[in-house]
Amino acid sequence: MLTASITLFLIVAGALVTSNDAGLSVPDWPTTFGSIYKMPHMVGGVRYEHGHRMVAEFVGLLTIVLAVWTWRRERRRWMRILGVAALGTVITQGILGGLTVIFFLPAPISSAHAAVAQTFFCIAVCIAMFTGKSFVEEAPPVEFDQRKPSLFTLTLLSIFVLYVQLILGAMFRHKGMSWWPHVVNAVVVAFILSWTALRAVTRFGHIAEVRKPALGVIGLMIGQLFLGFMAFLTRVAWGKEAAQPELPMVASTVAHVAVGSLLLATTVVLAIQVWRHVPAAVEERVRTGERSLAT
Ligand code: HEM
Ligand code: HEM
């Protein structure tokens, strides 16, 4: 939980780098102004850029502890693998951060850095959930979802459209494409997420583990749409003439990135809880397995 919370803080710190146009305030990597141990003067954009690197190093350290601890103590093999995967993801993320500095912030690398950041956050949240008491100790009551598409399929679709939305948003934010694909896809996201969350609440609302993240998805999605409009107004409509990043633009875009991360992670949690409590997918898998055995 500590690693997940500090990662959310790190995402805010990273978004502050981008929103304040501070990406190249420290022009070298892995050194900072030529040194690996000397603290630079934390002024101007350096505050954001070097501050972000310092929080990133701390998260890297926490992830090493987590991976080693999981490897030594966890009995579930897949959890040990997940710990190693978290470590691999954070290393990839650090390298992408360094590469984007070395190559002067190209949109594809900065966008990949933005997408892997949220992926790592989701992994950290999942590790926190999988090591929670209720997940480890309780065998959940199981109900089958007979409808087509199943709720589990809908949660997977939700994750997919959110990733597309993240990549389109990041490419626009890093000046690699226009704003309109992100805004058009927001309609698709709103439709799929509402369908998923409403199905979860109306059909399986009596299961708290499904109801809570589903309500979270609805609340965060409404907040995210509002912040999206604010980001659009402050950045695109009013921000064109701005000589430098101004507070309303920085606040709305950073909040939009942070709530976007929370929305993706909550949707991943919903998908896992649906898979655990309403395992239509398992039933479907058994049926598919039977078919393939018969042929
Ligand atoms: C766990 C590790 C890290 C995480 C989770 C992380 C996360 C983030 C996030 C969320 C952003 C904002 C992206 C956006 O708003 O579109 C960002 C920006 C940035 N990060 Fe990181 N970061 C990490 C490590 C690093 C490292 C080690 C560096 C080394 C230089 C770095 C350099 C940057 C730079 C330069 C930007 C601004 C990119 C731009 O404006 O184009 N990051 N980071
Ligand atoms: C639920 C729907 C939405 C989600 C999940 C979402 C997600 C995101 C994310 C994750 C980013 C930043 C990517 C990065 O880290 O670099 C972003 C950027 C952005 N989004 Fe959205 N968004 C949504 C809806 C909207 C809507 C409806 C609008 C406008 C009407 C909007 C406008 C923007 C703008 C302008 C940016 C770029 C901000 C900048 O340039 O700094 N978004 N969005």
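Residues numbered from 1 in each chain as written. Chains lettered and ligands numbered in written order. Predicted model: local features only at pLDDT ≥ 70, side-chain atom pairs only at ≥ 80, totals over all residues.

A. Inspection of the packing of helix α4 (residues 107-130) against helix α6 (residues 151-173) at higher detail. Viewed as axis vectors pointing N to C, α4 and α6 meet at an angle of 140 degrees, and their least axial separation amounts to 9 Å. What the angle tells us is that α4 and α6 run oblique. Along this stretch, α4 crosses α6, giving a crossing that reads as right-handed. Across the interface between the two elements, Ala107, Ser111, Ala114, Ala115 and Gln118 from α4 touch Leu166, Ile167, Ala170 and Met171 from α6. In terms of residue class, the contact of α4 with α6 is built from 7 nonpolar, 2 polar and no charged. (Axes fitted to C-alpha atoms, helices over the stretch in contact; angles between N-to-C directions. Helix = DSSP H or I, 4+ residues; strand = E, 2+ residues; numbered from the N terminus. Parallel < 35°, antiparallel > 145°, perpendicular 65-115°, else oblique. Left-handed = near helix turned anticlockwise from the far one by under 90°. Contact = placed C-beta atoms within 7 Å. Nonpolar A, V, L, I, M, F, W, Y, C, P; charged D, E, K, R; others polar.)

B. Region of interest: the site of ligand 2. In the region of ligand 2, 28 residues are neighbours, and Ala114, Gly169, Ala170, Gly228 and Gly260 sit closest. Residue assignment for the shell around ligand 2 shows that the elements contributing at least two residues are α6, α7 (180-204), α8 (208-237) and α9 (247-277). The dominant element in the shell around ligand 2, judged by the number of residues it contributes, is α8, at 9 residues. Broken down by class, the residue content of the shell around ligand 2 amounts to 17 nonpolar, 9 polar and 2 charged. (Near = placed C-beta within 6 Å.)

C. Summary view of unusual backbone geometry. Looking along the chain, the bond that leaves Trp29 and enters Pro30 is cis, with omega of 5 degrees. Looking at the element boundaries, Pro30 is found in the loop between α1 (2-19) and α2 (44-73). With omega at -5 degrees, the peptide bond leading from Lys148 into Pro149 counts as cis. Positive phi is not limited to glycine here, since Leu105 has a value of about 60 degrees. Along the polypeptide, Leu105 turns up in the loop between α3 (77-102) and α4.

D. Expanded view of the site of ligand 1. In the vicinity of ligand 1, 31 residues are found, and the nearest of them are Gly14, Gly23, Ala56, Gly97 and Ser110. Every element with two or more residues in the shell around ligand 1 is listed here: α1, α2, α3, α4 and α6. Looking at the shell around ligand 1 residue by residue, the class counts come to 15 nonpolar, 14 polar and 2 charged. Structurally, the shell around ligand 1 is a two-domain feature, drawing no fewer than three residues from each of domain 1 (1-138) and domain 2 (142-295). (Domains from an automatic or database assignment.)

E. Structural view of the domain arrangement of the protein chain. When cut into domains, the protein chain gives domain 1 (1-138) and domain 2 (142-295). At the interface, 22 residues of domain 1 touch 21 residues of domain 2. Secondary-structure elements contributing two or more residues to the side of domain 1 that touches domain 2 are α1 and α4. Take the side of domain 1 that touches domain 2: its biggest share by element is 12 residues, from α4. Its residues assigned to classes, the side of domain 1 that touches domain 2 shows 15 nonpolar, 6 polar and 1 charged.

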